[in-house]
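Architecture and fold: a report
The primary structure of each chain is shown beneath.
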Amino acid sequence: MKILVTSGGTSEAIDSVRSITNHSTGRLGKIITETLLAAGHEVCLITTKRAVKPEAHPNLSIREINNTKNLLLEMKERVADYQVLIHSMAVSDYTPVYMTGLEEVQASSNLEEFLSKQNHQAKISSTDEVQVLFLKKTPKIISLVKEWNPAIHLIGFKLLVDVNEDYLVDIARKSLIKNQADLIIANDLTQISANQHRAIFVEKDQLQTVQTKEEIAELLLKKIQAYHS
C-alpha cells in the first residue's frame, strides 16, 4: 500500500534569520513510518529539516519542506497518488506578513495597510524598543485533502493543551466531520512526555485510547490494514 505521512513542524520566516516555529520533533511521525515500513508498505514522508527521520529504506522516500506554503504545494502534487494520508505534522496556523516599530503603527490611521506591506531587508532592524509583527492565517491544508483525492483514507491529528477529555473528543469529532476525515487522533500536550503519549482515536462511532507513541503506530497500522482488507 502507498502511504503518505507528514511529520515535524513548519517554520514561518519573519526575515532571513528569524522565524516562527513550534516544538514538534517529528518523533511520532518517525515511529509511525518505521512501523508501516516494517509491515511492507511503501511510504513517502513529508517532513522538515530539523525533524528526526527514519533510517534509509528501499520503500521510503523523504521530502523536506520548510513552511506551510511548501507543504501545501508538496501535498497537492502527491496526495492523488496515495491510498492513505497520516497527517501528523504540526502546521503553523499563521505566517508573518510585516514587522515594524510600534511608532509606525501608532502613526497610521489604517492598520489594514500593513497587511499589504512587505519587509525588504534581509534582516529587519532591531533598533526599535518595541516591534509589531503582523500575521495572516495560513490555509487549513487538511481541509483541502479530499478535494485533491476524494478516495484517500484520511487520518488527522488534533492537539490541545490542558483540557478535559470530553472537550478534546468533541473538538476532534468536529474536525473529523469538517475535514471529511476517517480518523482523528486527539492529544493533550500535558499528557505527552518522553515515555508517554496518551492519545484518543476518534472515529464516527468509536473511541479507543492508547498510551505511547509505539501504541499509536501499532493501532494505526491495524486500522489501516483492516480498512483496506
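For the structure itself, consult the block above.
Here's a quick rundown of the structure. Worth saying up front: this structure is predicted, and the values here are computed from it rather than measured.

Once that is clear, we can look at helix H5 (residues 165-178). Between its first and last C-alpha, H5 extends 20 Å over 14 residues, near the 20 Å set by a 1.5 Å rise per residue. Listed in full, the buried residues belonging to H5 are Leu168, Val169, Ile171, Ala172, Ser175 and Leu176. Take H5 and look down its axis: the buried residues cluster within an arc of 160 degrees, on one side only. For H5, exposure combined with an orientation more than 90 degrees from the buried face picks out Asp166, Lys174, Ile177 and Lys178. Buried-residue contacts for H5 involve strand S9 (153-160), strand S10 (183-192), strand S11 (197-203) and strand S12 (206-210). For H5, the N-terminal capping position is held by asparagine 164, with its side-chain oxygen 3.2 Å away from the main-chain nitrogen of aspartate 166. Of the residues trailing H5, glutamine 180 is marked for its positive phi of about 55 degrees.

This part takes up the side chain of lysine 223. Along the chain, lysine 223 falls in helix H6 (residues 213-227). Setting aside anything within four residues of it in sequence, one finds lysine 223 in contact with His153, Leu183, Phe201, Glu203, Gln206 and Gln208.

Bringing the packing of aromatic side chains into the picture now. For the structure shown, the criterion picks out two aromatic pairs. Taking 6.0 Å as the distance between ring centres and 20 degrees as the angle between the ring planes, the aromatic pair formed by tyrosine 98 and phenylalanine 114 counts as stacked. Remark: phenylalanine 114 occurs in the loop between helix H3 (102-107) and strand S8 (131-137) and tyrosine 98 occurs in strand S7 (residues 94-101); sequence separation between them is 16 residues. Per residue, the accessibility class of tyrosine 98 equals that of phenylalanine 114, and both read buried. Taken together, a centroid distance of 4.9 Å and an interplanar angle of 10 degrees make the contact between phenylalanine 114 and phenylalanine 134 stacked. Here phenylalanine 114 is found in the loop between H3 and S8, whereas its partner phenylalanine 134 is found in strand S8, with 20 residues between them in sequence. In this pair, the class of phenylalanine 114 matches that of phenylalanine 134, namely buried. Taken together, the aromatic side chains of Tyr98, Phe114 and Phe134 make up a single cluster linked through ring pairs. Over the ring of tyrosine 82 we find lysine 2; its NZ or CZ atom is 4.9 Å from the centre of that ring.

Conventions and cut-offs
- Residues numbered from 1 in each chain as written.
- Predicted model: local features only at pLDDT ≥ 70, side-chain atom pairs only at ≥ 80, totals over all residues.
- Heavy atoms only, no water.
- Helix = DSSP H or I, 4+ residues; strand = E, 2+ residues; numbered from the N terminus.
- Expected span 1.5 Å × (residues − 1).
- Buried < 20%, exposed > 50% of the residue type's maximum accessible area, 1.4 Å probe, protein only.
- Arc of directions from axis to C-beta.
- Contact = heavy atoms within 4.5 Å.
- Polar contact = N/O pair within 3.5 Å; in protein donor to acceptor, adjacent residues only side chain to side chain.
- Phe/Tyr/Trp six-rings, centres within 6.5 Å; stacked < 30°, edge-to-face > 60°.
- Lys NZ or Arg CZ within 6 Å of the ring centre and 35° of its normal.

By themselves these figures say nothing about function.
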